[in-house]
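# Chain and residue survey
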Amino acid sequence: MEHREYFNRRLHSLLGVVPIGLFVVQHLIINHFVVYGEESFNKAANFMASLPFVTALEIFVIYLPILFHAILGVYIAFNVPTYNNKSYGYFRNWMYTLQRITGIITLVFIAWHVYQTKVQVALGNVELDYNLMADILNQPFFFWFYIVSVIAIVFHLANGLWSFCVHWGIAQSPRAQQIVTYITVGVFFVVSYIGIRTIIEFTMGA
Amino acid sequence: MAEQKTVTFIITRQDGPDSAPYEETFHIPYRPNMNVISALMEIQKNPVNANGEKTSAVQWDMNCLEEVCGACSMVINGTARQSCAALVDQLDQPVRLAPMDTFPVVRDLIIDRERMFDALKQIKGWVPIDGTHDLGPGPRMPEKKRQWAYELSKCMTCGVCLEACPNVNDKSTFIGPAAISQARLFNSHPTGEMNKSERLEGLMEEGGVLGCGNAQNCVEVCPKGIPLTTSIASMNRATLVQSFKNFFGSDNAH
Ligand code: SF4
Ligand code: FES
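Overview of the structure. Nothing here was measured: the structure is a model prediction, and the numbers come from that model.

## Notes on the sheet that holds strand E1 (residues 6–13) of chain B
All names here are of chain B.
- In spatial order, the strands read E2-E1-E5-E3-E4; together these five strands make up an open sheet with mixed pairing. Bordering the open sheet on either side are strand E2 (22–29) and strand E4 (79–82), each of which pairs with just one other strand. For this sheet, the mean angle separating the axes of adjacent strands, direction not counted, is 35 degrees.
- In this sheet, strand E5 (residues 95–98) lies alongside E1 in parallel orientation, the contact comprising three bridges.

Listed below in structure tokens is the structure:
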């Protein structure tokens, strides 16, 4: 195909925001129902699980885009750069490196999270409800693993949103890029709050 | 007479393109207002290292000696910059010199910038006007735009921005910020604009504009203050429009 690398890079950047970014925010907001009680959480989770065409939605909106984004992302993180933050310690260079580190954390977390929830439910070992997550998050190791991962994921999303605006030529001038930085920092704090609040809520016990 | 003050230089040297790099230390007699080049000239006059051994003179590149040719660029105390504009009084000591090893090293501090010229070929960084007959004068450029374009035209292909860029190295085909900005310069020239899509195609080829990972070191280190990151974002948009035209077709010639 003509311009294959160009096309892949564009697709990588697009998929990170639509659908993956939207999915992540949606997922965290649904989970946040736990703040209104166990009942609310179970109701919301069951609603999501009972959406029509749920398998097709999962495959095309979640699994395939994440797989593509992850494979090209790992290549970009390991094969391309010579990290040089020591010599060039500028803010954006740190964001560049952190974007790659948080990407790898996200990948490890997703693999584990899917295994611990989706796969176990499919195997019939556990049931998808409040207790599944409460049991996991009441173990100190997993509590911190989830906290760190959620922060990493939200960072990757927010900073990725910034890169998206540059890669698609939306923010060009330094001032435009600065304003997008402020907006994405806001996104980082708001979405992180939603995620962390949810995790803590699960450990409060019902 | 007071003892002669000296400055210590630790230089990363390499005897040839394929030999292993090594470090050599020199104590150089201090003179007020000396720059890195005049220090290297001292070594050339008296190539004796810190152990008092006679050694070969350190090789480097230079031309203009006033920060307009870019030939003398090297890594000074960890940062790529022009050695002719690096005043010893303003540097931390000992001063460390190394070649910009993003590029193939020819010898000592001399590097081969060929990939930058290949990049300019990829994006067709020129205005094609050669032909069999006189085409007459081209369209005029508004003065405001000329001033703006002048800033972009200051690039001296020094390679400092490529050296600072984490995405430019021998594993990657990324052409680097300088050539992307040159595509923008020629695409905004009234005559150059006539071949706009050819340059955008070049930017969409392998190693093109999307190879940028937004680390933005380039714009921090460019000695000419060229707005490289704005150029990159602007070419991101222009190639996007071009790819839509390519895919869907356009009723304008493209
Ligand atoms: S853009 Fe600036 S840093 Fe890069 S090659 Fe041109 S003058 Fe040097
Ligand atoms: S010798 Fe020309 S820039 Fe230094």
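## Topic: unusual backbone geometry
- Cis peptide bonds are those with omega within 30 degrees of zero, and the linkage from Val18 of chain A to Pro19 of chain A qualifies with 5 degrees.
- Here Pro19 of chain A is to be found in helix H1 (residues 4–31).
- With an omega of 0 degrees, the peptide bond between Gln93 of chain B and Pro94 of chain B qualifies as cis.
- By the element assignment, Pro94 of chain B lies in the loop between E4 and E5.
- Notably, Asn77 of chain B is not glycine yet its phi reads approximately 50 degrees, a positive angle.
- Mapped onto the secondary structure, Asn77 of chain B falls in the loop between strand E3 (73–76) and E4.

## A few points about the pattern of salt bridges
- Inspection of every chain in the model, using the stated rule, returns ten salt bridges over all chains.
- Note that Arg197 of chain A and Glu201 of chain A form a salt bridge whose closest N and O atoms lie 3.6 Å from each other. Residue Arg197 of chain A and its partner Glu201 of chain A are located together in helix H7 (residues 174–203), separated by four residues, close to a single helical turn.
- Given a relative accessible area of 31%, Arg197 of chain A falls into the partly exposed group.
- Each of the salt bridges in this network shares a partner with another, and the network as a whole consists of Arg13, Glu24 and Asp108 of chain B.

## Some thoughts on the layout of surface pockets
- Looking at the second largest pocket, its volume works out to about 490 Å³.
- Lining the second largest pocket are 16 residues, with Tyr6 and Phe7 of chain A together with Ser243, Phe244 and Phe247 of chain B sitting closest to its centre.
- Looking at the lining of the second largest pocket, the element that brings in the most residues is helix H8 (residues 228–248) of chain B, giving six residues.
- Tallied by class, residues from the lining of the second largest pocket come to eleven nonpolar, three polar and two charged.

## Quick word on the environment of Tyr130 of chain A
All names here are of chain A.
- Its location among the elements puts Tyr130 in helix H5 (residues 130–137).
- Note on Tyr130: relative accessible area 5%, which makes it buried.
- Tyr130 sits 90 residues away from Ser40 along the chain, and the two C-alpha atoms are 9.5 Å apart.

## Regarding the packing of aromatic side chains
Residue and element names in this part refer to chain A.
- This model, assessed by the stated rule, comprises 18 aromatic pairs over all chains.
- Arranged with centres 5.1 Å apart and planes meeting at 80 degrees, the rings of Phe143 and Trp144 form a pair that is edge-to-face.
- For Phe143, a relative accessible area of 16% puts it in the buried group.
- In textbook terms, an aromatic cluster arises when at least three aromatic residues are bridged by ring pairs, as seen for Phe109, Trp112, Tyr115, Phe141, Phe142, Phe145 and Tyr146.
- We note Arg100 situated over the ring of Tyr96; from NZ or CZ to the ring centre the distance is 3.7 Å.

## A few points about the site of ligand 1
All names here are of chain B.
- The environment of ligand 1 is made up of 13 residues, and the closest members are Cys155, Cys158, Gly159, Cys161 and Cys222.
- One can see that ligand 1 is located within the second largest cavity.
- In the shell around ligand 1, the residues fall into ten nonpolar, two polar and one charged.

## A word on the interface of chain A and chain B
- Contacts between the two partners involve 31 residues from chain A and, on the opposite side, 38 residues from chain B.
- In terms of surface lost to chain B, no three residues of chain A exceed Tyr6, Tyr88 and Gln172 of chain A, which account for 22% of the buried area on that side.
- At the junction of chain A with chain B, the criterion picks out zero salt bridges.
- Inspection of the chain A/chain B interface yields 22 residue pairs in polar contact (both at pLDDT 80 or more).
- Listed by contribution, the elements that provide at least two residues to the side of chain A that touches chain B are H1, helix H3 (54–79), helix H4 (91–122), helix H6 (140–167) and H7 of chain A.
- The residue inventory of the side of chain A that touches chain B, partitioned by class, reads 13 nonpolar, twelve polar and six charged.

Rules of the game
Residues numbered from 1 in each chain as written. Chains lettered and ligands numbered in written order. Predicted model: local features only at pLDDT ≥ 70, side-chain atom pairs only at ≥ 80, totals over all residues. Heavy atoms only, no water. Pairing = 2+ DSSP bridges. Helix = DSSP H or I, 4+ residues; strand = E, 2+ residues; numbered from the N terminus. Axes fitted to C-alpha atoms, helices over the stretch in contact; angles between N-to-C directions. Salt bridge = Lys/Arg side-chain N within 4 Å of Asp/Glu carboxyl O. Buried < 20%, exposed > 50% of the residue type's maximum accessible area, 1.4 Å probe, protein only. 1 Å grid on protein atoms, 1.4 Å probe; cavity = no way out; pocket = protein on both sides within 12 Å on 5 of 7 lines; lining within 4 Å. Points joined across faces, edges and corners; volume = space filled by probe spheres on them. Nonpolar A, V, L, I, M, F, W, Y, C, P; charged D, E, K, R; others polar. Phe/Tyr/Trp six-rings, centres within 6.5 Å; stacked < 30°, edge-to-face > 60°. Lys NZ or Arg CZ within 6 Å of the ring centre and 35° of its normal. Near = heavy atom within 4 Å. Sits in = over half its atoms within 2 Å of the grid points. Contact = heavy atoms within 4.5 Å. Buried area = accessible area lost by both parts, 1.4 Å probe. Polar contact = N/O pair within 3.5 Å; in protein donor to acceptor, adjacent residues only side chain to side chain.

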